[in-house]
Amino acid sequence: MRFRTAAAATALLCTLAGGVLTGCASGPSLENRSQVTASPGDSHHLTIGSAGFTESDLLAQLYAQLLDHAGYTTSMLTVANRELYEPALESGQIDVVPEYAATLADWLNAKKHGVDAPPAGSPDLDATMKSLRALAAPRGLTVLPPGRAVDQNAFAVRASYAREHHLKTLSDLGASGLKVRLAAGDECVRRPYCAPGLKKVYGIHITGVDPKGVGTTQAKRAVQSGRDHMVLTTTTDATLDSFGLVLLADDKHLQNADYIVPVVNRARAGSPRVAEALDKLNDVLTTQDLADMNRQVDSWRRLPAQVARTYLENKGLLK
């Protein structure tokens, strides 16, 4: 899974290896616009973007199938990094993409104000959405309402370790006084939601960061074996059980509001019909549902399109 950090855009949309996208973005530059005056569009054919990891593929399939059911013709386009797919969304080469509210707010904020700008995302969903929409609108993007599903950074320990020390929350871990070696990305040593935040907000005694990545198999095995005590992963990690790990609740809300939100190109997919079709997912999709679907793809080797269709049929959203 990706390590959620704000980063400045380092490239505009140009030729992508493998021929997935070709040419540079041809749409108008929206960098300096203060407002968007074009009417919301309703193109019959919509291109749904995916960032190429399991969860993004699943969400893109859910969006595509709901829009197909609503009478649109859809196609899928995978673009593996935000530096490429966000400009493609602005230019209309991609019409709809699943995103994470706080992460995108921070990314657009860094793109506009620089990487040292104060963050736009926060643990407060309403404040995050307000900031995100203000940053997205001048770029011709509309951010649709978030649902209940959230994919935030999260921390897991061995289930036996949690039982032994009576741990259910990160506050419990801080109060325990235990010394904790953390398996995470190397950025964790300076990111406010990682080691510094764990120390400041929860009083957790972090003795070191083992740079094995975020939610990687190596990182989880390091905690499983006892080499490390806790691993940085995400709330929709579907593999924790197989490593004997459990999440500790972020009871003081250190993590940002990374709720799942559809983002659309206003000129091509800004109509109420698109919003209505995608909003149906918000009524049913939970964080646990998303984790379960991730498991079906990653562990059971089912195709994202099949998993998405079965889910939507079971929820009565497809006939």
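The structure this text deals with has already been given above.
Presented here is a report on the structure given in the accompanying data block. (Residues numbered from 1 in each chain as written. Predicted model: local features only at pLDDT ≥ 70, side-chain atom pairs only at ≥ 80, totals over all residues. Heavy atoms only, no water.)

### Observations regarding the overall build of the protein chain
For clarity, the threshold we go by: A helix here means a DSSP run of H or I that spans at least four residues, while a strand means a run of E at least two residues long, and both kinds are numbered starting from the N terminus. Throughout, exposure labels follow a simple rule: accessible area from a 1.4 Å probe, protein chains only, divided by the maximum for the residue type, with under 20% read as buried, over 50% as exposed, and the rest as partly exposed. Residue contacts follow a heavy-atom distance rule, with two residues in contact if any of their heavy atoms lie within 4.5 Å. Surface accessibility in these figures is a Shrake-Rupley result with a 1.4 Å probe; residues are shielded only by whichever protein chains are displayed.
When its secondary structure is counted, the protein chain shows 12 helices and 10 strands. A burial count over the protein chain gives 52% of its 319 residues as buried. Nonlocal contacts in the protein chain, meaning residues at least 24 apart in sequence, comprise 76% of its contacts between residues at least 6 apart. Carbon and sulfur atoms provide 50% of the accessible area of the protein chain, an area that totals close to 14100 Å².

### Details of the state of the cysteines
Put simply, the rule is: Cysteine sulfur atoms are paired as a disulfide whenever they fall within 2.5 Å.
On inspection of all chains with the given rule, the structure shows 1 disulfide. Across the disulfide, cysteine 188 is cross-linked to cysteine 194 (sulfur-sulfur distance 1.9 Å). Torsion about the S-S bond of the cysteine 188 and cysteine 194 cystine: about -85°, corresponding to left-handed handedness. Overall, cysteine 188 belongs to the buried group, its relative accessible area being 0%. On the basis of relative accessibility, which here comes to 0%, the residue cysteine 194 falls in the buried class.

### What to know about helix α2 (residues 82-91)
For α2, the tally of buried residues reaches 9 of 10 residues, placing the bulk of the element in the interior. When we look at burial in α2, the residues that qualify are Arg82, Glu83, Leu84, Tyr85, Glu86, Pro87, Ala88, Leu89 and Glu90.

### Observations concerning the nonpolar core
Selection rule: To form a nonpolar core, buried Ala, Val, Leu, Ile, Met, Phe, Trp, Tyr and Cys residues must be joined to one another through side-chain atoms within 4.5 Å.
Leu67, Leu132 and Leu281 are the most contacted members of the largest nonpolar core, which has 57 residues in total. A per-element tally of this core places helix α1 (residues 54-69) first, with 8 residues. Leave out the neighbours within four places in its chain, and leucine 67 touches Leu46, Ile48, Tyr72, Thr74, Val96, Val274, Ala277 and Leu278. By size, the runner-up hydrophobic cluster in this structure holds 25 residues, among which are Cys194, Ala195, Ile204 and Ile206.

### Looking at the side chain of serine 43
Structurally, serine 43 can be placed in the segment before β1 (45-50). By relative accessible area, serine 43 is classed as buried at 18%. Sequence-distant contacts of serine 43, that is, excluding residues within four places in its chain, are made with Tyr72 and Arg268.

### Description of the sheet that holds strand β5 (residues 153-158)
The strands making up a sheet are joined through hydrogen bonds of the backbone, oriented either antiparallel or parallel. Cut-off, in case you're wondering: DSSP-based pairing: two strands are paired if at least 2 bridges between them are found. All axes are obtained by fitting lines to C-alpha atoms, using only the stretch in contact for helices, and the reported angles, taken between N-to-C directions, cover 0 to 180 degrees.
Judged by pairing direction, the sheet is mixed, and its 5 strands sit side by side in the order β7-β6-β8-β5-β9 without closing on themselves. Only two strands of the sheet have a single partner each, and these edge strands are β7 (205-211) and β9 (245-248). Sheet twist, expressed as the average angle between the axes of neighbouring strands with direction ignored, equals 40°. Those strands touched by helix α7 (residues 195-202) are β5, β6 (179-184), β7 and β8 (230-234), and its axis lies near 165° from that of β7.

### Here we look at the packing of helix α3 (residues 101-113) against helix α4 (residues 125-136)
Selection rule: Just so you know how the angles are binned, under 35 degrees is roughly parallel, over 145 roughly antiparallel, 65 to 115 roughly perpendicular, and the rest oblique. By definition, turning the near helix anticlockwise from the far helix through less than a right angle yields a left-handed crossing, and turning it clockwise yields a right-handed one. When residues are sorted by character, Ala, Val, Leu, Ile, Met, Phe, Trp, Tyr, Cys and Pro go into the nonpolar class, Asp, Glu, Lys and Arg into the charged class, and all the rest, Gly among them, into the polar class.
Put simply, α3 and α4 touch, their axes get as near as 9 Å, and they point 45° apart. Between α3 and α4, the interaxial angle falls into the category oblique. The handedness of the crossing between α3 and α4 is left-handed. Of the residues in α4, those touching α3 at Ala101, Ala102, Leu104, Ala105, Leu108, Asn109 and Lys112 are Thr128, Met129, Leu132, Leu135 and Ala136. Looking at the contact of α3 with α4 residue by residue, the classes come out as 9 nonpolar, 2 polar and 1 charged.

### Here we look at the pattern of salt bridges
This is how it is decided: For this analysis, a salt bridge means a side-chain nitrogen from Lys or Arg found within 4 Å of a carboxyl oxygen belonging to Asp or Glu.
Within this structure, the stated rule accounts for 13 salt bridges. Salt-bridge contacts for glutamate 86 lead to lysine 111; the nearest nitrogen and oxygen are separated by 2.6 Å. With glutamate 86 in helix α2 and lysine 111 in helix α3, this residue pair connects regions lying 25 residues apart in the sequence. Since its relative accessible area comes to 2%, glutamate 86 is described here as buried. A salt bridge links arginine 227 to aspartate 210; the shortest N-O distance between them is 3.2 Å.

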